[in-house]
Amino acid sequence: MKSDFLAAVSAAAAFSYPWMVSCTEAFGPTPFLPRGGNLSPTNNNGNNWDYQLAASATLTEVPTTPIPGMKPGTSGLRKKVEVWQGKDDTANKYYVENFIQSLLDTAQANNGGEMLQTIIVAGDGRYFNDQAIQIICRVLAANGVENIWVPQGGIMSTPAVSAAIRTRDGGAAQGGIILTASHNPGGPGEDFGIKYNEGYGQPAGEEFTDALYERSMKISSFKTIEGSPDIDLNAAPGTTFSLTPTSTVTIIDPFAEYLEVLKSCFDFDAMKDFAKRPDFSIVFDGMHGAGGPFARRILVEELGFPKESLMRCNPRPDFGKCHPDPNLTYAAELVKKMGLKPDGSADESATVEDLPTLGAANDGDGDRNLIAGAGCFVTPSDSLAMICDNWKAIPHFARAGGPKGVARSMPSSAALDVVAEALNIPFFSTPTGWKFFGNLMGSKEQFGKRDYTPFLCGEESFGTGSDHIREKDGLWAMLAWISILMDVNKDTPPGQPLVSVRDVVEKHWEKYGRHFYCRYDYEAVESDAANKMMDLIRDQFVNGDLSTIPDDGSGIKLVGAEEFSYTDPVDGSTTSKQGLVLSFVDGNGEPARVVFRLSGTGSAGATIRMYLERYEQDTSKHGESAPVALKSLADRAIGLVQLVELTGRDSPSVIT
């Protein structure tokens, strides 16, 4: 049975109506002509032309059945692209439509039964991006969404989407549908994903995604438009396409709002001047993802860095056949350019004076970052702590007298903890997932409680951000480091060596001690085997008697075990089973820990993540590479949890 909306449009338009396209003359003389159409102007009001196209389309409600497995993870739903494409007509037909209809039904229920009026649809440019946008726009229009904003080219970084939700037209957007599998590979046989951001620009919380999943298991039909020509995603910003008499797609500038929020955080004029120094240089790796065009717009066009500073900043559907994850393994070319070995230690054969001063990389959708200096890799956990300690260099924090709250994901190192304690800043350790930071950032804005803004937060998985948006932000992290280097070099005269990234890092370790840290990823592990290992940790260590565990001669003693759970200090919700934590004391009496988690960001099998951390106060040992410093701890933990025996994996896929 048709909805009231469909019935009303059916009666008014008999399911057939002129396709209306409006175009502002300043954007170009010729608007998009859909296939097979005859376009002629019907009205000229100043510079605004209205064009009427002889075409018809049908609003329809299509019967469907639930498709198992539409359970979003920490950042949306990710599957192999062929699943989304519905290659298997029996099992996965209408996969995109089912998911989007379930999402809209959930959003409508959360909006007092009223359909959302304005939604952004954008993606990271990966394979199937453009086709999925067309499908989604038709479903949105058929459901009565009045304003659909799509960035020119269909590509927009995740941070930029969050900025546009929050600020475009005064924050008119009530949500954003982002087509991304983040740092996962793209192309045929690879990954595709969809995530949803709510009205404050933050990733949908567990209550929303749980309700979406429940709805997906009950769905019996979806609404769409049949027989409509495709939207020209490359049309000029400002071009509009009327999909129904009440629903319009508008092509928007992908950069505008994001650029403005970054300008509110940093001193762009001072950065332009610093970029002119002949002894300061950068290199940015866009990994052929959505962040590349934003780096070009901001670093080159706004700040004046040479275009040669950019590498792989042209988005490609398959990310140039690279894995768009900005870590030591997959950003290997950047790592080499920065004078580093694959494990992040300095390459002694490189001449530091010939290396870029600062290097950075983004992932597929532009929210993650890698930071490196000449011969110096900065771990994400250290980067977060150092940004916190140098808050005076960043106008967003300096104007407020410093951050009013900071947070890290539980698996991240405790480097931030000691800085927050020293500076007397409220500190939080949350589960993995940016949505948990969102509640803290929105404590006053959304919940009317304590104001923690300006807020600084980050995850060990190469995510850093602040409250300027409600997502992690790769370019923001790079601009923060440029600001830090500007500040520590404010008294460095021309011709004198700059205070380097390495200098900043080593000074920080001398002050606070070093938290040696790295992560082992075991990708695509058979799910049953991964779960057996996690159950063993619970049974033998979390719920077992640690006094019975024999020593192995390493001097590393297991002293505690727990399963991390979190009670949100803002909304009171509780999240359980967020990681298994083994606490150790090393041979020198210093604390160490190993965290085991099953990642929710993969599309097949299970990814076991093992996070290793050991604290070291002795400055003479700070120069050791993290993988070497943590090898004995890794061996001890792997043996205790029987990882090799249970999974058959004798080495990780990635160490970073």
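Rules and cut-offs
- Residues numbered from 1 in each chain as written.
- Predicted model: local features only at pLDDT ≥ 70, side-chain atom pairs only at ≥ 80, totals over all residues.
- Heavy atoms only, no water.
- UniProt positions renumbered as here; feature names shortened; annotations may be inferred.
- Helix = DSSP H or I, 4+ residues; strand = E, 2+ residues; numbered from the N terminus.
- Salt bridge = Lys/Arg side-chain N within 4 Å of Asp/Glu carboxyl O.
- Buried < 20%, exposed > 50% of the residue type's maximum accessible area, 1.4 Å probe, protein only.
- Pairing = 2+ DSSP bridges.
- Axes fitted to C-alpha atoms, helices over the stretch in contact; angles between N-to-C directions.
- Contact = heavy atoms within 4.5 Å.
- 1 Å grid on protein atoms, 1.4 Å probe; cavity = no way out; pocket = protein on both sides within 12 Å on 5 of 7 lines; lining within 4 Å.
- Points joined across faces, edges and corners; volume = space filled by probe spheres on them.
- Nonpolar A, V, L, I, M, F, W, Y, C, P; charged D, E, K, R; others polar.

1. What about the UniProt feature "domain: Alpha-D-phosphohexomutase alpha/beta/alpha" (unreviewed entry) in the protein chain?
(1) Moving on: Sites flagged by UniProt as "domain: Alpha-D-phosphohexomutase alpha/beta/alpha" (unreviewed entry) map to residues 70-219, 257-372 and 382-490.
(2) Moving on: Here residues 70-219 is 37% helix and 18% strand, with 12 Å between the C-alpha atoms at its ends.
(3) Moving on: The distance separating the terminal C-alpha atoms of residues 382-490 is 23 Å; by composition the span is 40% helix and 17% strand.

2. Quick look at the pattern of salt bridges
(1) Moving on: Across all of its chains, the model carries 33 salt bridges by this definition.
(2) Moving on: The shortest N-O distance in the salt bridge between Glu-460 and Arg-519 comes to 3.1 Å. Placement of Glu-460 in the loop between strand 20 (455-459) and strand 21 (463-466) and of Arg-519 in strand 22 (residues 514-525) is noted, with a sequence separation of 59 residues between them.
(3) Moving on: For Arg-519, a relative accessible area of 3% gives the class buried.
(4) Moving on: Close ionic contact of Arg-502 with Glu-506 constitutes a salt bridge, the shortest N to O distance being 3.1 Å. Taken together, the positions of Arg-502 and Glu-506, both in helix 16 (residues 501-512) and four residues apart, correspond to about one turn of that helix.
(5) Moving on: Note on Arg-502: relative accessible area 30%, which makes it partly exposed.
(6) Moving on: Ionic contacts of the salt-bridge type, sharing partners, join the residues Lys-263, Arg-297, Glu-301 and Glu-302 into one network.

3. What to know about the sheet that holds strand 21
(1) Moving on: The sheet built from four strands is open, its strands ordered 19-18-20-21 with mixed pairing. At either end of the open sheet lies a strand with only one pairing partner, and these are strand 19 (427-430) and strand 21. The mean inter-strand angle of the sheet, taken between neighbouring strand axes irrespective of direction, is 15 degrees.
(2) Moving on: Alignment of strand 20 against strand 21, held across four bridges, turns out to be antiparallel. Looking at strand 21, one finds that Gly-458 is bridged to Thr-464.
(3) Moving on: Those strands touched by helix 13 (residues 415-423) are strand 18 (405-409) and strand 19, and its axis lies near 165 degrees from that of strand 18.
(4) Moving on: Helix 14 (residues 434-441) contacts strand 18, strand 19, strand 20 and strand 21 of the sheet and is inclined by roughly 170 degrees relative to strand 20.

4. What about the environment of Glu-301?
(1) Moving on: Note that Glu-301 resides in helix 9 (residues 291-302).
(2) Moving on: With a relative accessible area of 51%, Glu-301 lands in the exposed category.
(3) Moving on: As for Glu-301 and Met-533, which are separated by 232 residues in sequence, their C-alpha atoms are 51 Å apart.

5. Details of the layout of surface pockets
(1) Moving on: Roughly 540 Å³ of internal volume is contained in the second largest pocket.
(2) Moving on: Forming the walls of the second largest pocket are 20 residues, and the residues nearest its centre are Glu-198, Gly-205, Glu-206, Glu-207 and Asp-571.
(3) Moving on: Elements represented by at least two residues in the lining of the second largest pocket include exactly helix 6 (206-216) and helix 14.
(4) Moving on: Element by element, the count of residues in the lining of the second largest pocket is highest for helix 6, at four residues.
(5) Moving on: For the lining of the second largest pocket, the residue count by class is six nonpolar, eight polar and six charged.

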